[in-house]
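# Architecture and fold: a report
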Amino acid sequence: MRGSYSQEELGLTMAVDYKLNFQPDKSDTIDALHERAAKRIHALCVDNGGLYIKLGQSLAIQAAILPKPYRDAFANIFDKAPAIPFDQVEKVFMHEFGVHPDVAFDEFAREPIASASIAQVHKARLKRPAGQPEWKDGEGYVAVKVRKPAVSKQVEWSVFILWDLFAYRMLLWSYEKLFDLPISFVSKEVTKQMRKETNLFNEATNAEKTARFLAGEPSLVNKAMVPRVEWTWTGESVMTAEYISACKLTDKAELRRQNLSLRQTMDAATNVFAAMVFKFGFVHCDPHPGNILVRPHPENPKRPQIVLIDHGLYIELAEQFRIDYCRLWKSLFVADISTIEEIAQTWGIAKQNSDMFASMTLLRPHKLHHAKLGGAPREGTKQSTYDAQVGLKARLKDMLENEQLIPRELIFLTRTMRMMQANNQALGSVTNRINCLAHWAIAGLKAPSPLAPTSMKKLGAVGYVKTNLHNLLFRVSLMVVDVLFTLSQVRQWLLEWIGTTRGEGFEDVLQRQVTEMARTEFGVELDESSFAG
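Rules of the game
Residues numbered from 1 in each chain as written. Predicted model: local features only at pLDDT ≥ 70, side-chain atom pairs only at ≥ 80, totals over all residues. Heavy atoms only, no water. Core = buried A, V, L, I, M, F, W, Y, C linked by side-chain atoms within 4.5 Å. Buried < 20%, exposed > 50% of the residue type's maximum accessible area, 1.4 Å probe, protein only. Helix = DSSP H or I, 4+ residues; strand = E, 2+ residues; numbered from the N terminus. Contact = heavy atoms within 4.5 Å. Pairing = 2+ DSSP bridges. Axes fitted to C-alpha atoms, helices over the stretch in contact; angles between N-to-C directions. Salt bridge = Lys/Arg side-chain N within 4 Å of Asp/Glu carboxyl O. Nonpolar A, V, L, I, M, F, W, Y, C, P; charged D, E, K, R; others polar. 1 Å grid on protein atoms, 1.4 Å probe; cavity = no way out; pocket = protein on both sides within 12 Å on 5 of 7 lines; lining within 4 Å. Points joined across faces, edges and corners; volume = space filled by probe spheres on them. Polar contact = N/O pair within 3.5 Å; in protein donor to acceptor, adjacent residues only side chain to side chain. Phe/Tyr/Trp six-rings, centres within 6.5 Å; stacked < 30°, edge-to-face > 60°. pLDDT = per-residue confidence, 0-100. Left-handed = near helix turned anticlockwise from the far one by under 90°. Expected span 1.5 Å × (residues − 1). Arc of directions from axis to C-beta.

Turning next to the nonpolar core. Counting 66 residues, the largest nonpolar core has Phe278, Ile306, Leu308, Tyr325 and Trp329 as the members making the most contacts within it. Counting residues per element, this core draws most heavily on helix H12 (residues 262–280), at 12 residues. Other than its neighbours up to four places away in sequence, phenylalanine 278 contacts Arg322, Tyr325, Cys326, Trp329, Met417, Leu437, Trp440, Ala441 and Gly444.

Looking now at the sheet that holds strand E7 (residues 247–248). Taken in spatial order, the 4 strands line up as E5-E10-E9-E7 in an open sheet, and their pairing is mixed. Among the strands making up the open sheet, the edge pair consists of strand E5 (224–225) and E7. Those strands touched by H12 are E5, strand E9 (292–297) and strand E10 (300–308), and its axis lies near 35° from that of E10.

Moving on: the pattern of salt bridges. For the coordinates displayed, the defined rule picks out 17 salt bridges. The salt bridge involving glutamate 316 is made with lysine 209; its shortest N-O contact spans 3.1 Å. Of the two residues, glutamate 316 sits in strand E11 (residues 314–316) while lysine 209 sits in helix H10 (residues 200–215), which places them 107 residues apart along the sequence. Note that glutamate 230 and arginine 228 form a salt bridge whose closest N and O atoms lie 3.3 Å from each other. Residue glutamate 230 is classed as buried on the basis of its relative accessible area of 16%. Residue arginine 228 is classed as partly exposed on the basis of its relative accessible area of 48%. Among the ionic contacts, a cluster of salt bridges with common partners joins Lys145, Glu203 and Asp310.

As a further point, take the packing of H12 against helix H13 (residues 319–334). Taken N-terminus to C-terminus, the directions of H12 and H13 make an angle of 115°; their axes are 8 Å apart at the nearest point. Here Val277, Phe278 and Lys279 of H12 lie close against H13, whose contacting residues are Arg322, Tyr325, Cys326 and Trp329. Here the residues of the contact of H12 with H13 are counted per class, giving 5 nonpolar, no polar and 2 charged.

Turning to empty space enclosed by the protein, a few remarks are in order. In total, this model carries 3 cavities of 30 Å³ or more according to the counting rule given. If you go around the second largest cavity, the residues you meet are Met266, Thr270, Phe273, Ala274, Val277, Thr416, Met417, Met420, Arg433 and Leu437. Contributing elements (two or more residues each) for the lining of the second largest cavity: H12, helix H17 (409–426) and helix H18 (433–446). For the lining of the second largest cavity, the element with the most residues is H12, which contributes 5 residues.

Attention shifts here to the side chain of histidine 122. Relative to the elements of secondary structure, histidine 122 occurs in strand E3 (residues 119–126). Judged by relative accessible area, histidine 122 falls into the buried class, the value being 0%. Polar contacts involving the side chain of histidine 122 include one to the side chain of glutamine 120, which spans 3.0 Å. Filtering out sequence-adjacent residues up to four positions away, histidine 122 remains in contact with Phe86, Val89, Phe108, Ala109, Arg110, Glu111, Pro112, Val142, Ala143 and Val144.

Here the focus is the packing of aromatic side chains. In total, this model carries 17 aromatic pairs according to the counting rule given. Geometrically, the ring pair formed by phenylalanine 93 and phenylalanine 97 is tilted, given 4.9 Å between the ring centres and 55° between the ring planes. Of the two residues, phenylalanine 93 and phenylalanine 97 are both situated in helix H5 (residues 86–97); the distance of 4 residues between them amounts to about one turn of the helix. Between phenylalanine 105 and phenylalanine 108, the ring centres sit 5.7 Å apart and the planes meet at 45°, which makes this aromatic pair tilted.

Attention now moves to the confidence of the model for the protein. Averaged over all residues, the pLDDT of the protein equals 77, while 62% of them reach at least 70. Counted against residues more than four places away or in other chains, residues 157–163, with its pLDDT under 50, gives 11 contacts.

One way to put it is that H12 packs onto H18 with a least axis distance of 9 Å and a crossing angle of 35°. Taken as a pair, H12 and H18 cross one another with a handedness that is right-handed. Together, Thr270, Asn271, Ala274, Ala275, Phe278 and Lys279 of H12 and Arg433, Cys436, Leu437, Trp440, Ala441 and Gly444 of H18 make up the contact between the two elements. Partitioning the contact of H12 with H18 into residue classes produces 7 nonpolar, 3 polar and 2 charged.

A separate point is H10. The terminal C-alpha atoms of H10, which comprises 16 residues, lie 23 Å apart, in line with the 22 Å expected from a rise of 1.5 Å per residue. Those residues of H10 lying buried are Leu200, Glu203, Ala204, Asn206, Ala207, Thr210 and Leu214. Around the axis of H10, the buried residues are gathered within 160° of arc, so they sit on the same side. What points out from H10, more than 90 degrees from its buried face, is the exposed set Arg212 and Ala215. Sitting at the head of H10, asparagine 199 places a side-chain oxygen 3.0 Å from the backbone nitrogen of phenylalanine 201.

Take a look at the structure:
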């Protein structure tokens, strides 16, 4: 109950503080107000641990568009996941299976090899079945993921814990009412996904489903794999899967040491996630570098193989959303403004904000209209802190015309796309991410679906001709992006060769331009480091 009472008190304190001090005549103290609030939330998350650390990490990701004090307060929240002692691991394991880990396995390491907010991972070795020869060196090892006891208490189905998550949702609902901002719908989706993420049996099911998708996609066979689940020792609070020795996606030094191409590595990772979004409709939504590992392919050590782990946070895209998302990407490349605006309005985005909507989809500046449609003040004008943040609130309300229509998939999908862009940036922008995603958008439209008509009979003669003209324009647009990407790489290489500065990669250029567009057109100061691994 500690979490719910603390959270309730925090919500009341912050609501009163903001209501009294977020005023036009107190503009010079608003940064201090934000700092007080950010420190209170940070302390609540760290003190309660478990799911609260997860909530804090989610807030840290969203802090890209929050005032600077929030970014500062949550900068180190990803390091606040201490391991639990082994005696607690024993209790969780025995509660799940009725036996001690030393009985279940030949070996079970006392110290974890990784610790996160929800669980920690121990290396173990399976028992060899009776009559079977002993394991050879390196064989039989598994990774045993054990959920932390605090998390179990925070999600178990009792009236007290239901109140715990309810209090979090009420906190955002109160803020929505107090400050007239459409934000409470986010909490419903976040808490729903968090409950799923804490169930390790659900994670194991996601892992096997992803493995089947990858095995069924010819272009990805051997380029990516998912560690095999050991179902004998998998349950709600423990998950066991084969142990794979691999490095993080963005570990450039290790990739080079193993003579693995950075470009081939990032190409493979981007193709995997693009296929998930546009074709499979089943998306791993936590693609930070620690969850995307790389190893030399066992049969061809010169080629990298992606190893996907941590399958707790997934979203399943509704088929209509998947098709519309594919159509959106294609339309952005062929300048089909009417389709872009139609999809935007269907998703509750105001028509006049379609430029920002398009840019945040591609993660590159994209102009649908030549004239500016409102936004931040022009150069040379000065606003108080209060006026600037009230203006941002008005623009958010204006953009989110109808929050009931906003697909909940976008909450996690946009974050996932930005994290993959950050991974590419970390490797030096070696992959033409935009073209890769665009190709998979077309593949997604070609995938069998009753909602994606492609024949002349279904489209009609005019529609069929229009579709093929758009396909031609699409290919031309991709060629242009390819040329720009190549020129950017040449420029990056020349700058690094001269040694005057670190070469700015293609993704760096795009991120800088999007950041500037967000500031000048929308009044949002994006923190470029918020999604980096």
